[in-house]
Amino acid sequence: MNALKTPLRLEWVPGTRNFRLTKPLKYDDDYGFSIVVPKGSTTDFASIPRVLRSIWSPYDPRWIVASIIHDYLYREGVMPRAEADDKFRDIMRQSGAGRNRFFLYWGVRLGGSSSYDPKNKSRKKKAKKT
């Protein structure tokens, strides 16, 4: 089953290395995980250190969808970080990432804590300042 329910539509955010969804991304897998990443959500795809990009590209189609969903889960803080990382790994498995998923999974487990925003705290802080 193809778990991606909508075509992936993105645009580059000028002045950054980020991309923005121009249409919602709908994902629904065989294991009961369903999510809609809203239009306007941004992603930097897989945050792979520059030194490792000759081995793993951030833009590899085997983990682009997993990366977009993972970025959204981290930014919105809708589930515990470990669970978001597990979803990242599971979506990569379903997308045919093979053994690569273990390296990328452990990359986010070991290096992703500074990007995780439980309960969307950074957005709430910005809203209070304005």
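Residues numbered from 1 in each chain as written. Predicted model: local features only at pLDDT ≥ 70, side-chain atom pairs only at ≥ 80, totals over all residues. Heavy atoms only, no water.

Draft legend 1. Structural view of the packing of helix 2 (residues 81–94) against helix 3 (residues 100–111). Contact pair helix 2 / helix 3: the axes reach a minimum separation of 9 Å and the direction vectors enclose 165°. With respect to each other, helix 2 and helix 3 are oriented roughly antiparallel. In this structure, helix 2 meets helix 3 at a crossing whose hand is right-handed. Counted together, Arg81, Ala82, Asp85, Asp86, Phe88, Arg89, Met92 and Arg93 of helix 2 and Arg101, Leu104, Tyr105, Val108, Arg109 and Leu110 of helix 3 form the full contact between these two elements. Of the residues assigned to the contact of helix 2 with helix 3, the class counts are seven nonpolar, no polar and seven charged. (Axes fitted to C-alpha atoms, helices over the stretch in contact; angles between N-to-C directions. Helix = DSSP H or I, 4+ residues; strand = E, 2+ residues; numbered from the N terminus. Parallel < 35°, antiparallel > 145°, perpendicular 65-115°, else oblique. Left-handed = near helix turned anticlockwise from the far one by under 90°. Contact = heavy atoms within 4.5 Å. Nonpolar A, V, L, I, M, F, W, Y, C, P; charged D, E, K, R; others polar.)

Draft legend 2. Representation of the packing of aromatic side chains in the model. Overall, the coordinates contain six aromatic pairs when judged by the stated rule. Pairing Tyr27 with Phe33 gives two aromatic rings, centres 6.2 Å apart and planes at 55°, and the pair type is tilted. Seen in terms of ring centroids, Tyr105 and Trp106 are 5.2 Å apart; in terms of plane orientation they differ by 80°. Their pairing is edge-to-face. Aromatic ring contacts, followed pair by pair, group Phe19, Phe45 and Tyr59 into a single cluster. (Phe/Tyr/Trp six-rings, centres within 6.5 Å; stacked < 30°, edge-to-face > 60°.)

Draft legend 3. Representation of unusual backbone geometry. Even without being a glycine, Phe45 presents a positive backbone phi close to 60°. Here Phe45 is to be found in the loop between strand 5 (42–43) and helix 1 (64–76).

Draft legend 4. Geometry of the environment of Ile69. Relative to the assigned elements, Ile69 resides in helix 1. A sequence separation of 15 residues divides Ile69 from Ala84, and the C-alpha atoms of the two residues are 8.8 Å apart. Excluding its chain neighbours within four sequence positions, the residues that come into contact with Ile69 are Leu25, Tyr27, Phe33, Ile35, Val37 and Ile91.

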